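What follows is each chain in one-letter form.
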Amino acid sequence: MQNVLDIRLKTARKVKGLSLGDLSLAVNSCVSRQALSKYEHGVMLPSSRNLDAIAKALGVPVAFFHGESLGVDIPMLRTSSQRVLTAQEITELEVVIQYFSARFLHRMNRLDMHPAFDCALKGKKIESIADISETADSLRNEWRCGDGPIASVLRLLERHGVWVFEYQLPECVLGLSTWVEDKYPVILLDTRKEKTTVERLRFTAAHELGHLLLDFPDGLDQEKMCNKFAGLFLFPKDTFIHEICGMTRKELYLEELIDLHEVYGVSVAALVHQAYDLGVIGRDHYDYWFDSVIKKNPKEQGWGNYLFPETLGLERRLDEILKNQ
């Protein structure tokens, strides 16, 4: 138990954003800062009473510290970047996901709520971009999104049973996803403003949703296909062609792309990608945009803003309900 407890206690405390002193205060000082440090370094074990107090302060069942945790599909663990996670990062992230999941499920159980994810498209086989477009449309229909903008992607995911958590991820990683207990879809997102934008956050969340739902054959570039899924989920093909005023265009203009960016919450770069993928523009004009326009302003400063905030709310609401019961 000792090795399990020290790793999980330290991880849970850090995820909760508490110092050793903060955690000591959270348990009404019945456990000193020094004792907590010894627990985390594996040189001392807490009493049952102290462990109960720590578990309550960190919002998880005591069983979490005994190694009884939800199973995380590590082979499924993918990031929204080409960066490969190190073995140490994977080990740490596994504990982080177990903590978030145990805390969330503990809250739901206390309220006699039973989370479930039921999506007819789980495991959908993908062979081409046509399959991607059809699947994105089917999911929007299943989730009753209509054919227009999705105001808040994160709230949409929460409503439909995807467990979304905020966490400071390793360098160059904006998001990752996996399954817990083979039935709970989990997405971790780095939402820090210095690392991402609201448009990138929306795209990353939709990209990770693609990883969770879609089944790709060997040889197909999953990252590229999930990017295409994200674009088409946020901005459906037929709607895009209607808004862009035609099946084919010789040129796209910055002002029209800024207008679409501000309404659909999709970056100008992603809009140009989608126009090329759907055959609206040719390769020469696509290259022009990236080589002569986007490369000069990669952060798209001055190209409009998507003003609707992307926030998570379910856990905060559960906390408020439990606090007032």
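Bear in mind that the values here come from a model prediction, so they are computed numbers and not experimental data.

Participant: Explain the environment of Ser-32 to me, please; I cannot follow it from the model alone.
Facilitator: For Ser-32, the position within the fold is in the loop between helix 2 (20–26) and helix 3 (33–40). Residues Ser-32 and Ala-55 lie 23 residues apart in sequence; the distance between their C-alpha atoms is 15 Å. A polar atom in the side chain of Ser-32 sits 3.0 Å from the backbone nitrogen of Ala-35.

Participant: Honestly, helix 12 (residues 268–277) in this entry has me stumped. Any pointers?
Facilitator: What sets the pattern is the α-helix's 3.6 residues per turn: residues three or four places apart point alike. A large share of helix 12 lies buried, amounting to seven of its 10 residues. Taken together, the buried positions of helix 12 are Val-268, Ala-269, Ala-270, Leu-271, Val-272, Gln-274 and Ala-275. Buried positions along helix 12 lie against helix 8 (198–213), helix 9 (222–234), helix 10 (237–243), helix 11 (254–264) and helix 13 (283–293). A positive backbone phi angle near 80 degrees is found at Gly-279, which sits one or two residues after helix 12.

Participant: Can you walk me through helix 3 in this structure?
Facilitator: Along helix 3, the residues that are buried comprise Ala-35, Leu-36, Tyr-39 and Glu-40. Down the axis, helix 3 shows its buried residues gathered within 140 degrees of arc, on one side only. Two residues or fewer after helix 3 comes Gly-42, characterised by a positive phi angle close to 75 degrees.

Participant: What exactly am I supposed to notice about the layout of surface pockets here?
Facilitator: The gaps left among the atoms become clear once a water-sized probe is rolled over them. Counted as a void, the largest pocket has a volume near 1,300 Å³. Considering the residues around the largest pocket, the lining is formed by 43 residues, among which Arg-200, Ser-267, Ala-269, Ala-270 and Glu-300 are closest to the centre. Among the secondary structure elements, those contributing two or more residues to the lining of the largest pocket are helix 8, helix 9, helix 12 and helix 13. Grouping the constituent residues of the lining of the largest pocket by class yields 15 nonpolar, 17 polar and 11 charged.

Participant: Would you mind going over the side chain of Asn-50 with me for this structure?
Facilitator: Within the secondary structure layout, Asn-50 lies in helix 4 (residues 48–58). Among all residues touching Asn-50, those that are not within four sequence positions of it are Cys-30, Val-31 and Tyr-39.

Participant: Looking at this structure, how should I read the nonpolar core?
Facilitator: If you look at soluble globular proteins, the nonpolar side chains tend to sit buried side by side. Counting 61 residues, the largest nonpolar core has Leu-139, Trp-143, Leu-157, Leu-209, Phe-233 and Val-272 as the members making the most contacts within it. When contributions to this core are tallied by element, the ones reaching two or more residues are helix 6 (129–142), helix 7 (153–159), strand 5 (184–189), helix 8, helix 9, helix 11, helix 12 and helix 13. The residues touching Leu-157, leaving out its near neighbours within four places in the chain, are Trp-143, Val-162, Val-164, Ile-187, Ala-205 and Leu-209. In this structure, Leu-9, Leu-176, Leu-318 and Leu-322 belong to the second largest nonpolar core, which totals 46 residues.

Participant: It is not clear to me how the environment of Leu-232 should be interpreted in this structure. Could you clarify?
Facilitator: Structurally, the position occupied by Leu-232 is in helix 9. Residue Leu-232 is classed as buried on the basis of its relative accessible area, which comes to 4%. Each C-alpha atom, one on Leu-232 and one on Ser-37, is 49 Å from the other, the two residues being 195 residues apart in sequence. Look past the residues within four positions of Leu-232 in its chain and what remains in contact with it is Ile-132, Ser-133, Ala-136, Lys-237, Gln-274 and Leu-278.

Participant: What is the right way to read the state of the cysteines from this model?
Facilitator: As used here, a disulfide is simply a covalent bond connecting the sulfur atoms of two cysteines. As enumerated under the stated definition, the model contains zero disulfides in all. The cysteine Cys-145 is free of any disulfide, with Cys-119 supplying the nearest cysteine sulfur at 11 Å.

Participant: Got a minute to help me understand the pattern of salt bridges in this structure?
Facilitator: In a structure, side chains of opposite charge can pair up when their charged atoms sit close to one another. Across all of its chains, the model carries 12 salt bridges by this definition. Between Glu-315 and Arg-103 there is a salt bridge whose closest N-O contact spans 3.4 Å. Of the two residues, Glu-315 is situated in helix 14 (residues 314–323) and Arg-103 in helix 5 (residues 87–110); the sequence distance between them amounts to 212 residues. Here Glu-315 matches Arg-103 in class, with each residue buried. With a shortest N-O distance of 2.8 Å, Arg-202 and Glu-310 are connected by a salt bridge. Residue Arg-202 is located in helix 8, and its partner Glu-310 is located in the loop between helix 13 and helix 14; the two are separated by 108 residues in the primary sequence. Here the two residues Arg-202 and Glu-310 agree in accessibility, since each one is buried. What you see here is one network of salt bridges that share partners, running through Arg-103, Arg-107, Glu-315 and Asp-319.

Basis of the calculations
Per-chain numbering applies: the sequence of each chain, read as written, is numbered from 1 onward. The predicted origin of the model limits local features to residues at a pLDDT of at least 70 and limits the giving and counting of side-chain atom pairs to 80 or more, whereas totals for whole chains, interfaces and linings rest on all residues. No hydrogens and no water enter the side-chain calculation; it runs on all heavy atoms of the structure. Numbered from the N terminus, helices here are DSSP runs of H or I no shorter than four residues, and strands are runs of E no shorter than two. In protein, a polar contact requires one atom able to donate a hydrogen and another able to accept it; more generally it is a pair of N or O atoms within 3.5 Å, and residues adjacent in sequence count only if both atoms are side-chain atoms. Relative accessibility under 20% of the residue-type maximum defines a buried residue, over 50% an exposed one, and the middle range a partly exposed one, all with a 1.4 Å probe and only protein chains included. Residues are treated as being in contact if the distance between any of their heavy atoms lies within 4.5 Å. In this description, one arc is meant: the one made by directions from the helix axis to the C-beta atoms. Residues are called lining when one of their atoms sits within 4 Å of a cavity or pocket point, these points coming from a 1 Å grid over the protein atoms alone, where a cavity is a set in which a 1.4 Å probe fits but cannot get out and a pocket is an open set with protein on both sides within 12 Å along at least five of seven lines. Grid points are joined across faces, edges and corners, and a volume is the space filled by probe spheres set on the points. Polarity classes work like this: nonpolar for Ala, Val, Leu, Ile, Met, Phe, Trp, Tyr, Cys and Pro, charged for Asp, Glu, Lys and Arg, and polar for all others, with Gly in that last group. Residues belong to a common nonpolar core when they are buried Ala, Val, Leu, Ile, Met, Phe, Trp, Tyr or Cys residues joined through side-chain atoms within 4.5 Å. By convention in this document, the label disulfide applies to cysteine sulfur atom pairs within 2.5 Å. Basic side-chain nitrogens of Lys or Arg form a salt bridge, by our definition, when they fall within 4 Å of a carboxyl oxygen of Asp or Glu.

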